[in-house]
2 protein chains.
Amino acid sequence: MDFHDRPRLPRGFRCAARHCGIKSQGLDLSLFASDVPAAAAALFTRNHFPGAPVVVGRERIRGGRLQAVIANSRISNVATGQQGIEDARTMALLAARDLGIAEELVLMSSTGVIGERLPMEKLERGIMGLAGELDTDPWPAARGIMTTDTEPKVLSLDVGGGTLTAVGKGAGMIAPNMATMLVFLFTDLELPANALRRALRSASLDSFECLSIDSDTSTSDTVAILANGHAGAVEDERFASALEVACLRMAEWVARDGEGATKLIRVRVEGAHDDGDGRRVARAVVDSPLVKTMVFGGDPNVGRILMAIGKCVECRIDPGRVEARLQGVTVVERGERAVFDPARVRHLLDQDTVEIDVFLGLGDGRGLGIGCDLTEGYIQENAAYSSS
Amino acid sequence: MDFHDRPRLPRGFRCAARHCGIKSQGLDLSLFASDVPAAAAALFTRNHFPGAPVVVGRERIRGGRLQAVIANSRISNVATGQQGIEDARTMALLAARDLGIAEELVLMSSTGVIGERLPMEKLERGIMGLAGELDTDPWPAARGIMTTDTEPKVLSLDVGGGTLTAVGKGAGMIAPNMATMLVFLFTDLELPANALRRALRSASLDSFECLSIDSDTSTSDTVAILANGHAGAVEDERFASALEVACLRMAEWVARDGEGATKLIRVRVEGAHDDGDGRRVARAVVDSPLVKTMVFGGDPNVGRILMAIGKCVECRIDPGRVEARLQGVTVVERGERAVFDPARVRHLLDQDTVEIDVFLGLGDGRGLGIGCDLTEGYIQENAAYSSS
């Protein structure tokens, strides 16, 4: 399955973006819409303090149908109480009126600072007439949802007779159980909502749920998919594979563009007692500040990999069976540092993707961790970031 | 209980340190010894890849008696296999011979780079004659165990008719389940090994087990206590309280001197469903990179505190009951951002200790988190740190 060189929206989907004044400059409001109601599914953050759009979105997705997504950046509408819930509903209502569709068919998302109310007057002016600007170019709407991302993220690929497109944003406060990550997926294939839900859950488990930029779990994370049926039916399994590929690519793109990141880190664990242990070990390695700074520094500090595996005190680990590879080079054998050429590994670490493979030698459990290195850029970005 | 202005060793304890050449410069080998065998207890890392000194130490502490501790810095003797175990035993044997005591009465510790063998010839030369240099000044031996610490750490206080002294090192790769942290405690009081063990476990639970500098759990962490009895008996409870105070002070000192740290962060959670939830929430807040960078930046970003509490998906949390204070100022009420003066809180954050108090409103569970801010200094130190 090849990604399109020039990503495009599937048939019947269009989008638009505006600067409505929530950010001091740049696009901050995006609308995505299908020309007909679409089957839909969504996953949301598991944080105990979900944003108002997540609370409303959870209700709204129960119907299994959506026709549009309205999203803003810079303010997340989290920890804003009952007023926030009303603001989220109003945001969707305004978009529904502009599109001339039912309010219940609009999902809303907000991403950015927590604890501030949305500037509803600006949003109202911004949404009015936005439906009239809908276009097939996905890039402006991808820009409109960016926060600390350095680039907009859109990818698409062919599946059966149709197209699958993902538009995403991420960058920080990202960890499993979803992230300050918004990913909207669109397809013109025909699938029922329950098939979409199954496929989305499964694809997320091996992509977004493996993603951790800083171990912090956002209060706004949303992954939603809309299928409008214009391109006809598709086998469930074929679609599920395409969705997995698209979600994994988007998750890696988000990691690569993590705040301050210079390198993507991919951790694969095999031979775990079960998948739960596999995922926990992968997560521990990809989240370890000492592994992350090691990757940034480009030094093959094998001890830090062992430490990170070993700190999973709740996992079944037999130290004498553990092996690990760094960029394909065996650096740990039978739980001990292997004989390898540090200069060669140092050279191999000087790439934009770093692969760490861990073999636990206990069973068939596997796990994947997707993350990035930890650099001064992350500190500068997050120490300077102002909440007011 | 007041700490001594000039910390001192208890009666019958002396120590010495040398530069034996493991570090390129500076003291790298320390010996602590009692003039008579002492009752002893110890706690070790729970990492699945314990260093050789931890493996041997666990056997040795079963007897409940020690007379000396020999420790080196720069190389940790971790992931060194059977040879590492032999090296650890040899290190203790050399010290025992020099002191003229039984090998089983010597505990050994090594801290530093993982995966390298100890330079046994240098250690042998370094240990030979060291017993002849034993002295009552604790500071050189505290320096000899330093790795990335910026200062040696010794504290002491009076308990009953005796003295309790702690010598520690820390700085990075520190998280609950113990840390790259070595803390040796000495007292001239008389306590049986099982009372020492109980008191040490209890005191660690509310101090070292709450300490997290970077969420990474070292493979070498050791906290050991020796009681030689010269000052006579003491009530168990009285000693336990003093030990708690000493351990907490040492844990906070280690956090304050965390790699790159400029501020100590103290998180207190109350009203949790149980202590387990309380500790997990405290840990999540004190470990959150976004909270840590917020403290460094001095910005009252309330959303990050809510996010960190909320990401404990396995804990019982009722968002509407959550309250939080930052430097004593209520910043979260009923799960929402409270009305407060950001400029005032920003001013209050400009101190060397930052207090975050969380009230969950559910039960009597409590938790403490001790940590530090995350700065460019941590990245620079750990990206530049070379394993070879």
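**Brief notes about the overall build of chain A**
Right, so step 1: For chain A, the count of helices and strands is 11 helices and 14 strands.
Right, so step 2: The C-alpha atoms of chain A give a radius of gyration of 21 Å, which matches the 21 Å a tight globule of 388 residues would have.
Right, so step 3: Across the 388 residues of chain A, 64% fall into the buried class.
Right, so step 4: Long-range contacts, defined here as pairs at least 24 residues apart, represent 79% of the contacts in chain A between residues at least 6 apart.
Right, so step 5: Accessible surface computed for chain A: about 13,500 Å², of which carbon and sulfur atoms make up 45%.
Right, so step 6: Across chain A, 43 positive and 53 negative side-chain charges occur, with their mean positions spaced 1 Å apart.

**Details of the relation of the copies chain A and chain B**
Right, so step 1: Turning chain A through 180° and shifting it by 0.0 Å along the axis lays it on chain B, with an RMSD of 0.0 Å. A rotation of that kind, with that shift, is consistent with a two-fold axis. Minimal C-alpha distance to the rotation axis in chain A is attained by A:Glu376, lying at 2.5 Å.
Right, so step 2: Most of the interface of chain A is mirrored in chain B, where 100% of its interface residues are also at the interface.

**Observations regarding unusual backbone geometry**
Right, so step 1: Here A:Arg334, not a glycine, exhibits a phi torsion of approximately 45°, which is positive.
Right, so step 2: Relative to the elements of secondary structure, A:Arg334 occurs in the loop between strand 11 (329-333) and strand 12 (336-337).
Right, so step 3: By relative accessible area, A:Arg334 is classed as exposed at 58%.
Right, so step 4: In this structure, B:Gln327 takes a positive phi of about 50° despite not being glycine.

**Topic: the interface of chain A and chain B**
Right, so step 1: Opposite the 58 residues of chain A that make contact, chain B presents 58 residues.
Right, so step 2: Surface buried jointly by chain A and chain B totals about 4,800 Å² across both partners, of which 60% is contributed by carbon and sulfur atoms.
Right, so step 3: Considering only the side of chain A, the residues that lose the most area to chain B are A:His48, A:Phe49 and A:Ile379, jointly responsible for 15% of the buried surface there.
Right, so step 4: Joining chain A to chain B, the criterion identifies zero salt bridges.
Right, so step 5: The interface formed by chain A and chain B contains eight residue pairs in polar contact (both at pLDDT 80 or more).
Right, so step 6: Listed by contribution, the elements that provide at least two residues to the side of chain A that touches chain B are helix 2 (81-99), helix 8 (289-297), helix 9 (302-310), strand 12, helix 10 (342-349) and helix 11 (376-384) of chain A.
Right, so step 7: Residue classes in the side of chain A that touches chain B are distributed as 24 nonpolar, 24 polar and 10 charged.

**Topic: the pattern of salt bridges**
Right, so step 1: Counted under the stated rule, the structure contains 46 salt bridges over all chains.
Right, so step 2: A salt bridge links A:Arg198 to A:Asp236, with the nearest nitrogen and oxygen atoms 3.8 Å apart. Highlighted residues: A:Arg198 in helix 5 (residues 193-205) and A:Asp236 in helix 6 (residues 236-256), separated in sequence by 38 residues.
Right, so step 3: In this structure, B:Glu59 engages B:Arg89 in a salt bridge whose closest nitrogen and oxygen atoms are separated by 3.2 Å. Here B:Glu59, found in helix 1 (residues 52-61), pairs with B:Arg89, found in helix 2 (residues 81-99); they are 30 residues apart in sequence, far enough to count as distant.
Right, so step 4: Taking the relative accessible area as the measure of exposure, B:Glu59 reaches 38% and is therefore partly exposed.
Right, so step 5: Ionic contacts of the salt-bridge type, sharing partners, join the residues A:Glu252, A:Arg266, A:Arg268, A:Glu355 and A:Asp357 into one network.

**As for the sheet that holds strand 13 (residues 353-359) of chain A**
Residue and element names in this part refer to chain A.
Right, so step 1: Reading across the sheet, the six strands line up as 12-11-10-13-9-14 and stay open at both edges, with mixed pairing between neighbours. If you trace the sheet from one side to the other, it starts and ends with strand 12 and strand 14 (365-372), each paired once.
Right, so step 2: When strand 10 (residues 323-326) meets strand 11, the two strands line up antiparallel, connected through three bridges. From the neighbouring strand, Ala324 faces strand 11, where its bridge partner is Val332.

**A short note on the state of the cysteines**
Right, so step 1: Applying the stated criterion across every chain yields a total of zero disulfides over all chains.
Right, so step 2: The structure places no disulfide on A:Cys247, whose sulfur is separated from the nearest cysteine sulfur, that of A:Cys210, by 11 Å.
Right, so step 3: For the unlinked cysteine B:Cys372, the closest cysteine sulfur is that of B:Cys210, found at 15 Å.
Right, so step 4: Of the residues examined, B:Cys372 reaches a relative accessible area of 1% and is grouped as buried.

**With respect to the domain arrangement of chain A**
It is common to report an interface's size as the accessible area lost on association of the parts.
All names here are of chain A.
Right, so step 1: Taken domain by domain, chain A holds domain 1 (13-256) and domain 2 (264-384).
Right, so step 2: On the domain 2 side, the residues contacting the 17 residues of domain 1 number 16 residues.
Right, so step 3: Taken together, the two surfaces of domain 1 and domain 2 that pack against each other cover about 1,400 Å², and 51% of this comes from carbon and sulfur.
Right, so step 4: The largest share of the area that domain 1 buries against domain 2 comes from Cys210, Glu252 and Arg256, three residues that together contribute 37% of it.
Right, so step 5: Where domain 1 meets domain 2, there are two salt bridges.
Right, so step 6: As a salt-bridge pair, Glu252 and Arg266 come within 2.6 Å of each other at their nearest N and O atoms.
Right, so step 7: Where domain 1 touches domain 2, the interface holds four residue pairs in polar contact (both at pLDDT 80 or more).
Right, so step 8: The leading source of residues in the side of domain 1 that touches domain 2 is helix 6, at five residues.
Right, so step 9: For the side of domain 1 that touches domain 2, the per-class residue count stands at nine nonpolar, four polar and four charged.

**Looking at the packing of helix 2 of chain B against helix 3 (residues 120-127) of chain B**
Residues and elements named next belong to chain B.
Right, so step 1: It is at 9 Å that the axes of helix 2 and helix 3 come closest, and there the two elements cross at 15°. Taken as axis vectors, helix 2 and helix 3 run roughly parallel relative to one another. The element helix 2 and its partner helix 3 pack so that their crossing is right-handed. Within the contact between the two elements, helix 2 uses Asp87, Thr90, Met91, Leu94, Ala95 and Asp98 and helix 3 uses Met120, Leu123, Glu124 and Ile127.

**Here's the deal with helix 1 (residues 52-61) of chain A**
An α-helix turns once every 3.6 residues. As a result, residues three or four positions apart point the same way.
Residue and element names in this part refer to chain A.
Right, so step 1: A large share of helix 1 lies buried, amounting to seven of its 10 residues.
Right, so step 2: Every buried residue of helix 1 is listed here: Ala52, Pro53, Val54, Val56, Gly57, Arg60 and Ile61.
Right, so step 3: Taken together, the buried residues of helix 1 touch strand 2 (29-44), strand 3 (65-75), helix 2, strand 4 (106-113) and strand 8 (222-227).

**Here we look at the side chain of A:Asp277**
Right, so step 1: As for its position among the elements, A:Asp277 is in helix 7 (residues 275-287).
Right, so step 2: At 3.0 Å, the side chain of A:Asp277 and the side chain of A:Arg280 are in polar contact.

About the thresholds
Residues numbered from 1 in each chain as written. Chains lettered and ligands numbered in written order. Predicted model: local features only at pLDDT ≥ 70, side-chain atom pairs only at ≥ 80, totals over all residues. Heavy atoms only, no water. Helix = DSSP H or I, 4+ residues; strand = E, 2+ residues; numbered from the N terminus. Rg over C-alpha atoms; globule rule 2.2 N^0.38 Å. Buried < 20%, exposed > 50% of the residue type's maximum accessible area, 1.4 Å probe, protein only. Contact = heavy atoms within 4.5 Å. Areas by Shrake-Rupley, 256 points an atom, 1.4 Å probe, with all protein chains shown as cover. Lys, Arg positive; Asp, Glu negative; His and termini not counted. Charge placed at Lys NZ, Arg CZ, Asp CG, Glu CD. Least-squares fit on C-alpha atoms with pLDDT ≥ 70 in both. Buried area = accessible area lost by both parts, 1.4 Å probe. Salt bridge = Lys/Arg side-chain N within 4 Å of Asp/Glu carboxyl O. Polar contact = N/O pair within 3.5 Å; in protein donor to acceptor, adjacent residues only side chain to side chain. Nonpolar A, V, L, I, M, F, W, Y, C, P; charged D, E, K, R; others polar. Pairing = 2+ DSSP bridges. Disulfide = S-S within 2.5 Å. Domains from an automatic or database assignment. Axes fitted to C-alpha atoms, helices over the stretch in contact; angles between N-to-C directions. Parallel < 35°, antiparallel > 145°, perpendicular 65-115°, else oblique. Left-handed = near helix turned anticlockwise from the far one by under 90°.

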